[in-house]
Each structure stands twice: as C-alpha cells, then as structure tokens.
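The chain contents come next:
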Amino acid sequence: MLNELKKSIAAGAMIGIGSTVYLVSENKVVGALLFSIGLFLICSFGMYLFTGKIGYVISNKNKPNCAVIWLGNFIGSIIVSAAVRIAKPNLHEVAAEMVAKKVDQNIIAIIFLSFLCGVLMYLAVDNFAKRPHTVSGIAGIIFCVSVFILCGFEHSIADMNYCVFAVSSLKEAGQYLLFLIIVSISNGLGAITIRQFVKE
C-alpha cells in the first residue's frame, strides 16, 4: 500500500504541473496540449492516477486500491499547487474565476462532463499501455487530454489542483470537496463503462 501511495502522490504532482502550465498559458489550445505532459510522465514512469486506474476496478484481476490512489493524488496536488500558489500568487485569481464557473454548473452538467472525461482518460491510458512509446500511444495521450480540456470536461485530479489554487475559505473548501467527490465518481463511471465496451 505504501508503494501505491507514493506512486499516487507522484501522479498528483505531475497533474499539478500540467494544471500549472494550463493556468499560465495565454493560449488555451497550447495550454491544453502542454497539459498532456502530466499524463505522459505518469504513464511512462508507472505512476498511479485515479482516472487512469479506476476503469480497471471491476474486471481486472489486480484491482487497484482506488481510495488510496485518490488520496495520494490529492496529497500530490496539494503539495505542488500550494507551492506554486506561494511562488506565483497571481494564479489564485485565474484559478478562482475558473473554479467558480465549474462549481456553479448544475449537477447534471457536472456528472455528464465528468463521465465523458472518464471515457477519454481510460482510452488514453489503455491505449498507451498496449502501445507504449509508439506514435499511437503518445498521440492518444496528447489528443485525449487536449480534447477533454478544450471541451470543458471535468477531470477530478486536475480540478483538485485548480481548487487548491482557488480556495480562500473553509466554506469554499467544503463546496470544492463536494464538487470533487461528484466529479471523481462520475469520472469512474465513465471509465468503467467504456471499458466494458472495448475490453478484449
């Protein structure tokens, strides 16, 4: 379990780096493309990302401990985003505006957008696992990540990072945590569902 937690913290940190580059990018298409460095490093170095593992929780013999992975991702997100927030305090306003729009969506929209993100994340990770370090495997990561960002789909671990950048009060923290739980569950449902359609 300790190894799982360490790899999960590392994965949260990588998504923290991806989230940071997106926030600092004036061109959101460029930011979306560069965000994919996070998932590429996670897949390349065998780190544990909740949205990359949850799709295997039902039908895989080696079921991932998704609760530990989610917690580790959260810890990694807090470490990186809190540190960058201290170093670049101007990102707080950028993230606060973004997160306010996210949490103000109605719950049906949040569930639907998170479900679709889960679909894309599973396909990106599974494709890379089957074709590691090939053009197809790497392109799958870049395109799936860029598409979910530009479409406004909700990714629980990226949203963890944005929430750490944005939070200003305990009331907001509680509101953001509820939002993250809804997104996480919906990401999982998307990943689990698409796996049932495409698994061999």
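Owing to the predicted nature of the structure, the values given are computational and were not obtained by experimental measurement. (Residues numbered from 1 in each chain as written. Predicted model: local features only at pLDDT ≥ 70, side-chain atom pairs only at ≥ 80, totals over all residues. Heavy atoms only, no water.)

Draft legend 1. Quick look at the side chain of Ser156. Mapped onto the elements, Ser156 comes out in helix α9 (residues 156-166). Those residues in contact with Ser156, other than ones at most four positions away along the chain, are Phe50, Thr51, Leu180, Val183, Ser184 and Asn187. (Helix = DSSP H or I, 4+ residues; strand = E, 2+ residues; numbered from the N terminus. Contact = heavy atoms within 4.5 Å.)

Draft legend 2. View of the nonpolar core. Of all hydrophobic cores here, the largest spans 59 residues; its most connected members are Phe35, Leu39, Leu49, Phe148 and Tyr162. When residues in this core are grouped by element, the largest group, 10 residues, is from helix α7 (residues 107-130). Excluding residues within four positions of it along the chain, Leu49 makes contact with Ala11, Ile15, Leu39, Ile42, Ile69, Asn73, Met121, His155 and Ile157. (Core = buried A, V, L, I, M, F, W, Y, C linked by side-chain atoms within 4.5 Å. Buried < 20%, exposed > 50% of the residue type's maximum accessible area, 1.4 Å probe, protein only.)

Draft legend 3. Spatial organisation of the packing of aromatic side chains. Within the structure shown, the criterion is met by five aromatic pairs. Ring geometry for Tyr22 against Tyr162: centres 6.4 Å apart, planes inclined by 55°, an arrangement best described as tilted. Separated by 140 residues along the polypeptide, Tyr22 in helix α1 (residues 2-24) and Tyr162 in helix α9 bring together distant segments of the chain. Residue classification places Tyr22 among the buried positions, given a relative accessible area of 11%. Each ring, one from Trp70 and one from Phe74, has its centre 5.3 Å from the other, and the planes form 70°; the classification is edge-to-face. Pair noted here: Trp70 and Phe74 are both in helix α5 (residues 66-87), with a separation of four residues, about one helical turn. (Phe/Tyr/Trp six-rings, centres within 6.5 Å; stacked < 30°, edge-to-face > 60°.)

Draft legend 4. Local environment of the environment of Ile78. Position of Ile78 relative to the elements: it lies in helix α5. Considering only alpha carbons, one finds Ile78 and Ala13, 65 residues apart in sequence, at a separation of 8.1 Å. Residues in contact with Ile78, not counting those within four places in the same chain, are Ala83 and Val164.

Draft legend 5. Focus on the pattern of salt bridges. Going through the model one piece at a time under the given rule, you end up with four salt bridges. Here the salt bridges share partners, and the residues they tie into one network are Lys102, Glu154 and Asp159. (Salt bridge = Lys/Arg side-chain N within 4 Å of Asp/Glu carboxyl O.)

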